[in-house]
Amino acid sequence: MTPARLTRTATLSLGLLYVAAGIAGPARETSSADGGRALWAGTLVGGGVLVLLGLALTTRRPHVARGLVCVGSLLGILVTTWTVVVPVLAVAVVFLTLRETTSA
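Residues numbered from 1 in each chain as written. Predicted model: local features only at pLDDT ≥ 70, side-chain atom pairs only at ≥ 80, totals over all residues. Heavy atoms only, no water.

## A closer look at the overall build of the protein
Part 1 of the argument: Counting secondary structure elements, the protein contains 4 helices and 0 strands.
Part 2 of the argument: If you list the helices and strands of the protein from N to C, you get α-α-α-α.
Part 3 of the argument: The 104 residues of the protein split such that 35% are buried.
Part 4 of the argument: As displayed, the protein offers around 6,000 Å² of accessible surface, 72% of which is attributable to carbon and sulfur atoms. (Helix = DSSP H or I, 4+ residues; strand = E, 2+ residues; numbered from the N terminus. Buried < 20%, exposed > 50% of the residue type's maximum accessible area, 1.4 Å probe, protein only. Areas by Shrake-Rupley, 256 points an atom, 1.4 Å probe, with all protein chains shown as cover.)

Quick look at the structure:
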């Protein structure tokens, strides 16, 4: 797998994972009334949308795309720090995105 394809695959996976978790997390915790649902939905869905939007803009506006992917990746880390895999994937996406755009 080429580095560009690895970057695109990891970025797409992270974006879809964030959006899915942002929708499923609050739906699962319907009994919680502490406002945590808004944090989950806002940061994960928002971060996922930024990641996917950045992925879509990669060829047309690479610098804007890089910023969107990095901000979206880091935004999702706020509520996924209790996991181990998701923050590691997010940091890997940021690293791969920055490496890919600087080598192009």
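Picking up after the structure, the text goes on.
## Quick notes on the nonpolar core
Part 1 of the argument: Residues A10, L14, Y18, W40, L44, V69, I77, V79, V86, A90, V93 and L96 constitute the largest nonpolar core, which totals 12 residues.
Part 2 of the argument: Secondary-structure elements contributing two or more residues to this core are α1 (3–28), α2 (36–56), α3 (62–80) and α4 (85–103).
Part 3 of the argument: Residue contributions to this core peak at 4 residues, all from α4.
Part 4 of the argument: Apart from the residues lying within four places of it in its own chain, the contact partners of V69 are T11, L50, V51, G54, L55, V93 and T97. (Core = buried A, V, L, I, M, F, W, Y, C linked by side-chain atoms within 4.5 Å. Contact = heavy atoms within 4.5 Å.)

## Concerning the environment of L98
Part 1 of the argument: Within the secondary structure, L98 sits in helix α4.
Part 2 of the argument: Distance from L98 to V69, taken between C-alpha atoms, is 9.5 Å for residues 29 residues apart in sequence.
Part 3 of the argument: Residues within four places of L98 in sequence aside, it is in contact with R66 and C70.

So far we have only geometry, and geometry alone does not tell us how the molecule works.
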